[in-house]
Amino acid sequence: MELATSCRHFPGPVLALGAGGHVLDASQDWLNRLGYSLDRVLGQLWTEQVAEFDWPQAAALLHRCSQGEVVRGQQLCFVTAAGQFLSMTVCANCQPQSAEQSAEVRFLLLLTAVEVPAAEQILQQFDDPFRQLVENIPQAFWVLDPATHRVLYLSPAYETIWGRPCREIYENTLTLLESVHPEDRDRIRAAMQIEWEEGVPFNQEYRIVRPNGELRWIRDQSFPVSQVDLGIDRIFGLAEDITERKQAEDLLDSLAVETAAVTGTDFFPVLARQLASALAVSQVLIAEHAQGKAQTLAVWSDEQLCPNRSYDLAQTPCEIVAREGYYYCPNAIIQQFAPDLIPVAGQTVGYMGVALQDSQGMPIGHLCILSRYPLRHPDRCKALLRLFAIRAATELQRQRIELTLQQLNTDLEVRVQQRTAQLEAVNRELESFSYSVSHDLRAPLRHVRGFIDMLSQHLSPTADPTTAHYLETIQSSAHKMDQLIEGLLVLSRVGRRELKRQTVGLNGLVEGAIALLSPPKAAAANAVFSIAKLPAVEGDPILLQQVFSDLIDNALKFSQHRQPARIEVGILPDQTLYVRDNGIGFSMDQADQLFSPFQRLHSRGKFDGTGIGLAIVQRIVQRHGGMIWAESQPEQGTTFFFTLPESAEA
């Protein structure tokens, strides 16, 4: 133990450590510098006197020594008995020893205190303009020695922002953490540790609690600077008070949340109330403009919602807002405008208004605040009003569009009622027309046909061929006229008949249509039919039966001269139905006449019929919500395609 005992009288700070790093002895110089008694440190781990942030470096130092390395120039920060930091340069080595000397000195540390320049000396490194700048800026400027983790300089703004003396930070840098809000303290401590150990710049926002209990927000940033040739290794920092910015952000978030889910007539009163509370003003007014007048949408005054009113814009501050887009009068608003022209009564001092503009930038209203005292933060108020003026303008335009749509819907309902009445009148006229056709027109026609029959019987024994031809022509014409009248009646009934929808199997309808055609139609007896498996649809079975009857009848008519006539009824993958024949076809430039009543694409002499059957088919298909069209070429047959709503049970 001679070496350990000799340390006590060494002329300089020296520590003798055992194998586990506990203190075996310490020089009096080291004890004096740190202010400890020998009894206080003997047997204790030496790291208890090392600053916590340097513990990793202290452990690494002993490990290097145990590997046989002589460590020179390692800087560590020690904590004095008074709680202050003392930076020292450490030279250390591992003492050789035998197995019998395991309790002897293992490590010997020679320490040299590092002189830290005073704050005034730090400022001497900079020129006069820079010194004047850092002494007078509202932000707290600081300089840190990364080796000792000690603040070398702190500008006077620190005392203004923190409400604490700079002396506390000079004595102990970690005193800063005492002022940090408890919820932010661990995060800031970790960020400081990373900055000191890894050189990562410090860039944090955190809260502090001033001695009077006031809460403030701080933005703190660091800027490492190294100049090897001058031996300068420093960290510069700048801390600013961002409390007002944070309050504005919180205010904006609060207003956004309060108004986000509100629309319609409730929106403007909610916005007025929230703005009055957020900006601490007595009155908020929101109005829309029309023909030189302002109609208020919400008036909030003295903690209550006031009735809406209309007033002239002329010679009011709101007129300036409408013209210029913005107007601010910090005080004496009543002296500049007549009291009865101020939209909201009261002892108003300050006024600020922004225009509500539509998507083309035209003024459609205004949003203004009135206060009995000068506004504290007019720039912030202006920014906030402009922001919510956009939201208010959007809502106002939405309400105007909604009102227009309501008016259009009302007008549409009136027009629909008028058209319905007109349609009902037309239907009554059609009913009357159908009755006339059925009774008034067909009765004389029956008389003509009856008397022609009687005249034919009377003249048949003596009638010459010419007379007989005349009588036959009159009889045929009367028959055709009766067919035309019957076709008109059927077409009229199809348009007016109520659909009796049900699930209908189409194959049964097709078989029924073919059965009705034969044996009366000779062509049907010789025709070859190909019927695919067809689906079930939703529709009126009687009307759909007529569709297939007319289409198959039409196919037989125009393919009767083919040997054999081929009729195919099928369905495409997209559920489109079709009826195809191999008849004479037609040119597609005539297709627009195909479904018009009484329009015929072929001469009456070659093919009989009234030309109204396809018009009836089209009317039935359309009433079922479908479409019908045809494709054809001369002498290559015709295909009619049509769609019907498929059954939900299919």
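The structure we're discussing is the one just above.
Keep in mind the model is a prediction, meaning the values are calculated, not measured. (Residues numbered from 1 in each chain as written. Predicted model: local features only at pLDDT ≥ 70, side-chain atom pairs only at ≥ 80, totals over all residues. Heavy atoms only, no water.)

Asker: It is not clear to me how the pattern of salt bridges should be interpreted in this structure. Could you clarify?
Answerer: Here the structure, examined in full by the defined rule, presents 21 salt bridges. For E205, the salt bridge goes to R219, with nearest N and O atoms at 3.9 Å. Linking E205 in strand β8 (residues 203-209) with R219 in strand β9 (residues 215-227), this pair joins segments that are 14 residues apart in sequence. Owing to a relative accessible area of 24%, E205 belongs among the partly exposed residues under this scheme. Note that E635 is salt-bridged to R562, the shortest N-O span being 2.8 Å. In this pair, E635 sits in the loop between β23 (628-632) and β24 (638-642) while R562 sits in the loop between α19 (541-558) and β21 (566-571), placing the two residues 73 residues apart along the sequence. Taken together, the shared-partner salt bridges connect E183, D184, R187 and R207 into one network. (Salt bridge = Lys/Arg side-chain N within 4 Å of Asp/Glu carboxyl O. Helix = DSSP H or I, 4+ residues; strand = E, 2+ residues; numbered from the N terminus. Buried < 20%, exposed > 50% of the residue type's maximum accessible area, 1.4 Å probe, protein only.)

Asker: Explain the packing of helix α17 (residues 506-517) against α19 here, please?
Answerer: A pair of packed helices can be characterised by two numbers: the angle between their axes and the separation between those axes. At a minimum axis distance of 9 Å, the contact between α17 and α19 shows a crossing angle of 50 degrees. Taken together, the axis directions place α17 and α19 in an arrangement best described as oblique. Between α17 and α19 lies a crossing of right-handed hand. Facing L506, L509, V510, G512, A513, I514, L516 and L517 of α17, the residues of α19 in contact are P541, L544, Q545, F548, S549, I552, D553 and L556. (Axes fitted to C-alpha atoms, helices over the stretch in contact; angles between N-to-C directions. Parallel < 35°, antiparallel > 145°, perpendicular 65-115°, else oblique. Left-handed = near helix turned anticlockwise from the far one by under 90°. Contact = heavy atoms within 4.5 Å.)

Asker: When you look at the pairing of strand β20 (residues 536-539) in this model, what are you seeing that I'm missing?
Answerer: Working note: regular strand, side chains alternate between the two faces of the sheet. Burial along β20 is one-sided: V537 and G539 are buried, and none of A536 and E538, which face the opposite way, are. Strand direction decides the pairing type here: strand β18 (residues 502-505) and β20, joined by 4 bridges, are antiparallel. Note that in β20 the partner of T503 across the bridge is E538. (Pairing = 2+ DSSP bridges.)

Asker: Before we go on, may I ask you to explain the packing of α19 against helix α20 (residues 613-623) in this structure?
Answerer: Contact geometry of α19 with α20 gives a least axis separation of 9 Å together with a crossing angle of 145 degrees. As for the relative orientation of α19 and α20, their crossing is left-handed in sense. Residues L543, Q546, V547, D550, L551 and N554 of α19 form the contact with α20, whose own contacting residues are G613, L614, I616, V617, I620 and V621. Split by residue class, the contact of α19 with α20 holds 8 nonpolar, 3 polar and 1 charged. (Nonpolar A, V, L, I, M, F, W, Y, C, P; charged D, E, K, R; others polar.)

Interpretation note: all reported values are geometric properties and have no functional meaning in isolation.
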